Amino acid sequence: MIKEENFPIIFTKVTEKDIDDIVIIENESFQYPWKRETFESELTNTFSRFFIARKNKDPAGFIIYWDIPYEIHLINIAVRPKYRRMGTGAMLLGEMINYAEMNSKQLITLEVRVSNKGAITFYRKFGFREVYIREKYYVDNDEDAIVMERYI
Ligand SMILES: CC(C)(COP(=O)(O)OP(=O)(O)OC[C@H]1O[C@@H](n2cnc3c(N)ncnc32)[C@H](O)[C@@H]1OP(=O)(O)O)[C@@H](O)C(=O)NCCC(=O)NCCS
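To start, this report covers the structure provided alongside it. All values derive from a computational prediction rather than experimental measurement.

## A short note on the site of the ligand
Now for step 1: Among the 21 residues in the neighbourhood of the ligand, the closest are listed as Val 79, Arg 85, Gly 89, Ala 90 and Asn 116.
Now for step 2: At 2.9 Å, a backbone N or O of Gly 87 approaches an oxygen atom of the ligand.
Now for step 3: A distance of 3.5 Å separates an oxygen atom of the ligand from a polar side-chain atom of Lys 125.
Now for step 4: The protein chains hide 77% of the 910 Å² of surface that the ligand would expose on its own.
Now for step 5: For the shell around the ligand, the secondary-structure elements that each account for two or more residues are strand S4 (71–79), helix H3 (88–102), strand S5 (107–113) and helix H4 (117–125).
Now for step 6: Looking at which element gives the most residues to the shell around the ligand, the answer is H4, with six residues.
Now for step 7: Looking at the shell around the ligand, its residues break down into 10 nonpolar, seven polar and four charged.

What follows is the structure in structure tokens.
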């Protein structure tokens, strides 16, 4: 019999029935979580790609990125605390990088809070570099964003 801890992480495109689980992941992951409606609007956004990762049906993480001309823009990525440092974020980010390569994109960009040292280290590990600061980008606490980019 296969043990539950050995079930692989699988990811699928997000549909309306996944939104409750996306909200669970978001609320466990951020001090200032997005509202449910923000995720719902991504479902009808034609240039948005939105995936959920599950381990044995349990929601583990998600990624949203936008396919825009010449570029991919990472909108949000999160992994629930209990599933961190197991490679789930790497799988989700890897899907995005692979998509960028397969679709002849030149660049991937993202914003990250200056205080989010863990995420900055994570992005650096996958070849992203800090390019500039957007002052007071986050309206919830007036925090600055670091813009990071990775050329394909
Ligand atoms: C950032 C995040 C998505 C990473 O997800 P994850 O599944 O834990 O990442 P992985 O297990 O794939 O990590 C891959 C590598 O990235 C680096 N890394 C990941 N998280 C890190 C952290 N907190 N501190 C330092 N390095 C980290 C490590 O090198 C890690 O490899 P290792 O575990 O073998 O050392 C997750 O920490 C998270 O959801 N954070 C809260 C939400 C968030 O800040 N999102 C980003 C918004 S811009």
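## So, the nonpolar core
Now for step 1: Ranked by internal contacts, the top residues of the largest apolar core, which has 26 residues, are Leu 74, Met 96 and Tyr 123.
Now for step 2: Those elements that place two or more of their residues in this core are strand S2 (48–55), strand S3 (58–68), S4, H3, S5, H4 and strand S7 (143–151).
Now for step 3: Ranked by the residues each element gives to this core, the list is headed by H3, at six residues.
Now for step 4: Leave out the neighbours within four places in its chain, and Tyr 123 touches Leu 74, Ile 77, Leu 93, Leu 110, Val 112, Phe 128 and Met 148.

## A closer look at the pairing of S5
Now for step 1: A large share of S5 lies buried, amounting to seven of its seven residues.
Now for step 2: Summarising the sheet, S4 and S5 pair through three bridges and their orientation is parallel. Note that in S5 the partner of Glu 71 across the bridge is Leu 107.
Now for step 3: As for the winding sense of the linkage, the β-α-β connection from S4 through H3 to S5 is right-handed.
Now for step 4: Direction of pairing for S5 relative to S7: antiparallel, over a ladder of seven bridges. Its bridge partner lying in S7, Arg 113 is registered against Ala 145.

## Concerning the sheet that holds S3
Now for step 1: Pairing within the open sheet is mixed, and its seven strands lie in the order S1-S2-S3-S4-S5-S7-S6. Edge strands, defined here as strands with exactly one partner in the open sheet, are strand S1 (9–13) and strand S6 (129–138). Direction aside, neighbouring strands of the sheet carry axes that sit 25° apart on average.
Now for step 2: Here H3 sits on the sheet in contact with S1, S2, S3, S4, S5 and S7, set at roughly 165° to S4.

## Brief notes about H4
Now for step 1: Among the residues of H4, Ala 119, Ile 120 and Tyr 123 are the ones counted as buried. Seen along its axis, H4 keeps its buried residues to an arc of 100°; they face one direction. Of the exposed residues in H4, those oriented more than 90 degrees away from the buried face are Lys 117, Gly 118 and Lys 125.
Now for step 2: The secondary structure elements touched by the buried residues of H4 are S4, H3, S5, S6 and S7.

## Quick notes on the pattern of salt bridges
Now for step 1: Taken as a whole, this structure holds 14 salt bridges when the rule is applied.
Now for step 2: A salt bridge links Asp 58 to Arg 80; its shortest N-O distance comes to 3.4 Å. Of the two residues, Asp 58 sits in strand S3 while Arg 80 sits in the loop between S4 and H3, which places them 22 residues apart along the sequence.
Now for step 3: Note that Arg 134 is salt-bridged to Glu 111, the shortest N-O span being 2.5 Å. With a gap of 23 residues between them, Arg 134 in strand S6 and Glu 111 in strand S5 connect regions that are remote in the sequence.
Now for step 4: Taking the relative accessible area as the measure of exposure, Arg 134 reaches 30% and is therefore partly exposed.

Quick notes on the rules
Residues numbered from 1 in each chain as written. Predicted model: local features only at pLDDT ≥ 70, side-chain atom pairs only at ≥ 80, totals over all residues. Heavy atoms only, no water. Near = heavy atom within 4 Å. Polar contact = N/O pair within 3.5 Å; in protein donor to acceptor, adjacent residues only side chain to side chain. Areas by Shrake-Rupley, 256 points an atom, 1.4 Å probe, with all protein chains shown as cover. Helix = DSSP H or I, 4+ residues; strand = E, 2+ residues; numbered from the N terminus. Nonpolar A, V, L, I, M, F, W, Y, C, P; charged D, E, K, R; others polar. Core = buried A, V, L, I, M, F, W, Y, C linked by side-chain atoms within 4.5 Å. Buried < 20%, exposed > 50% of the residue type's maximum accessible area, 1.4 Å probe, protein only. Contact = heavy atoms within 4.5 Å. Pairing = 2+ DSSP bridges. Right-handed = clockwise from strand over helix to strand, strands pointing away. Axes fitted to C-alpha atoms, helices over the stretch in contact; angles between N-to-C directions. Arc of directions from axis to C-beta. Salt bridge = Lys/Arg side-chain N within 4 Å of Asp/Glu carboxyl O.

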